[in-house]
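An overview of the molecular structure
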Amino acid sequence: MSEISRSGFVGIIGAPNAGKSTLLNQVLGQKISITSSKPQTTRDRILGIVNRPHAQIVFLDTPGIHKSTTLLNQRIVEQAVQAMDDVDLILFMVDAASRNYASEKIILKRFETVRKPVILALNKIDLAPKSAVYEQVEMFRHLFGFEAIVPVSARKNVQVDLLLDEVESRLPEGPPLYPEDTFTDISEKYMVSEIIREKVFRLTGMEVPYSSAVTVDAFEVEKKLIVIHASIHLVRDSQKGIIIGKNGSMLKRIGSSARTDIEEMLGTKVLLKLFVKVTRDWVSSERRLSEFGY
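Residues numbered from 1 in each chain as written. Predicted model: local features only at pLDDT ≥ 70, side-chain atom pairs only at ≥ 80, totals over all residues. Heavy atoms only, no water.

Mapped onto the elements, Pro16 comes out in the loop between strand 1 (6-14) and helix 1 (20-28). Taking the C-alpha atoms as reference, Pro16 lies 24 Å from Gln239; in sequence the two are 223 residues apart. (Helix = DSSP H or I, 4+ residues; strand = E, 2+ residues; numbered from the N terminus.)

Dropping the structure here:
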């Protein structure tokens, strides 16, 4: 990368399950933000750095904004809302195939007071009729003064480069904010906990994923492998049986799937030991939320 002329922070904002994390992984060319078909998978702001020939774009993937009830969800939404004040530009992602009108209304109302340039990305156009996408472009054009409206498919990499061009052209002039070989600022331990949590989201149903948290209790680098001990925290005893499964079958599936991704990320063999604990009402406990990093 040479002749850098622009750099800045870009907040990826949207409703739950709009495809924010999928977009970040796509533009980075590697996975740092976990995904699932369930909404509210992302709980933290995830930083991802894209280096282009003449710009460095620092993306912040944020949790989906929604009407929150529990203390956990309130904190999750606060992170996303705060990100709007901390960035140079906002990238608003909308699921063109399955609109979330309630969340969109909250976000558009917030835009009125943020006073930051906003680009709209109409995502999942591969799943929506062209006529519906065109209608949404026209509707949003009259709803808010977006800097640009770009229909994309983050999953299939359709018009993502065009979206990056629009983002880059509106960043402030300035040198890179991070070294060129840096693509994120999150730790390996954090990534491990997120990978495990992703498998819980993908492999279990009902309310279990939303009541789960993961902590990495030990991360020991040995000669030929890394030994990791991690705990899956749940709210109720009944959920413990679901996570463990018959004869430990579900916990084995979660562990095996997580270990494969962790080994790929770390580039070495991993011994992953999972434990299941009931930590009652952690989603509503100030102390527990702080212990779990929320």
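Additional details are given in the paragraphs that follow.
Now for the sheet that holds strand 4 (residues 89-95). Sheet strands associate in pairs through backbone hydrogen bonding, adopting either a parallel or an antiparallel arrangement. Read across the open sheet, the six strands follow the order 2-3-1-4-5-6; overall the sheet is mixed. Edge positions in the open sheet fall to strand 2 (46-52) and strand 6 (148-151), since each of these has one partner strand only. With strand direction ignored, the average angle separating the axes of adjacent strands in the sheet is 25°. Bridging between strand 4 and strand 5 (residues 118-123) involves six bridges; their strand directions are parallel. Looking at the pairing, Asp95 lines up with Asn123 of strand 5. (Pairing = 2+ DSSP bridges. Axes fitted to C-alpha atoms, helices over the stretch in contact; angles between N-to-C directions.)

On to the side chain of Lys124, then. Position of Lys124 relative to the elements: it lies in the loop between strand 5 and helix 4 (130-143). Ignoring any residue separated from it by four or fewer positions in sequence, one finds Lys124 in contact with Asn17, Ala18, Gly19, Asp95, Ala97, Val152 and Ser153. (Contact = heavy atoms within 4.5 Å.)

Moving on, we get to the environment of Met93. With respect to the helices, strands and loops of the structure, Met93 is situated in strand 4. Along the sequence, Met93 and Lys124 sit 31 residues apart, while their C-alpha atoms lie 9.9 Å from each other. Met93 has contacts with Ile12, Ile13, Gly14, Ala15, Ala18, Gly19, Lys20, Leu23, Ala121 and Asn123, leaving out every residue within four places of it along the chain.

Let us now look at the pattern of salt bridges. Tallied over the entire structure, the rule returns 19 salt bridges. Here Glu147 and Arg170 are joined by a salt bridge, their closest N and O atoms 3.0 Å apart. On the criterion of sequence distance, the pair formed by Glu147 in the loop between helix 4 and strand 6 and Arg170 in the loop between helix 5 (160-169) and helix 6 (188-203) is long-range, its members being 23 residues apart. Classification of Glu147 as partly exposed rests on a relative accessible area of 40%. Given a relative accessible area of 26%, Arg170 falls into the partly exposed group. Note that Arg288 is salt-bridged to Glu291, the shortest N-O span being 2.9 Å. Separated by three residues within a single helix, Arg288 and Glu291 lie in helix 9 (residues 286-291), roughly one turn from each other. Owing to a relative accessible area of 27%, Arg288 belongs among the partly exposed residues under this scheme. (Salt bridge = Lys/Arg side-chain N within 4 Å of Asp/Glu carboxyl O. Buried < 20%, exposed > 50% of the residue type's maximum accessible area, 1.4 Å probe, protein only.)

Turning next to the packing of aromatic side chains. The geometry of two aromatic rings is summed up by the distance between their centres and the angle between their planes. Tallying each qualifying case throughout the model produces six aromatic pairs. On the numbers, 5.5 Å between centres and 45° between planes, the contact of Phe111 with Phe144 is tilted. Taken as a pair, Phe111 in helix 3 (residues 101-114) and Phe144 in the loop between helix 4 and strand 6 lie far apart in primary sequence, 33 residues in all. By relative accessible area, which is 3% here, Phe111 ends up buried. Their ring planes at 65° and their centres at 5.0 Å tell us that Phe144 and Phe146 sit as a pair that is edge-to-face. The rings of Phe92, Phe111, Phe140, Phe144 and Phe146 are connected pair by pair, giving a single aromatic cluster. (Phe/Tyr/Trp six-rings, centres within 6.5 Å; stacked < 30°, edge-to-face > 60°.)

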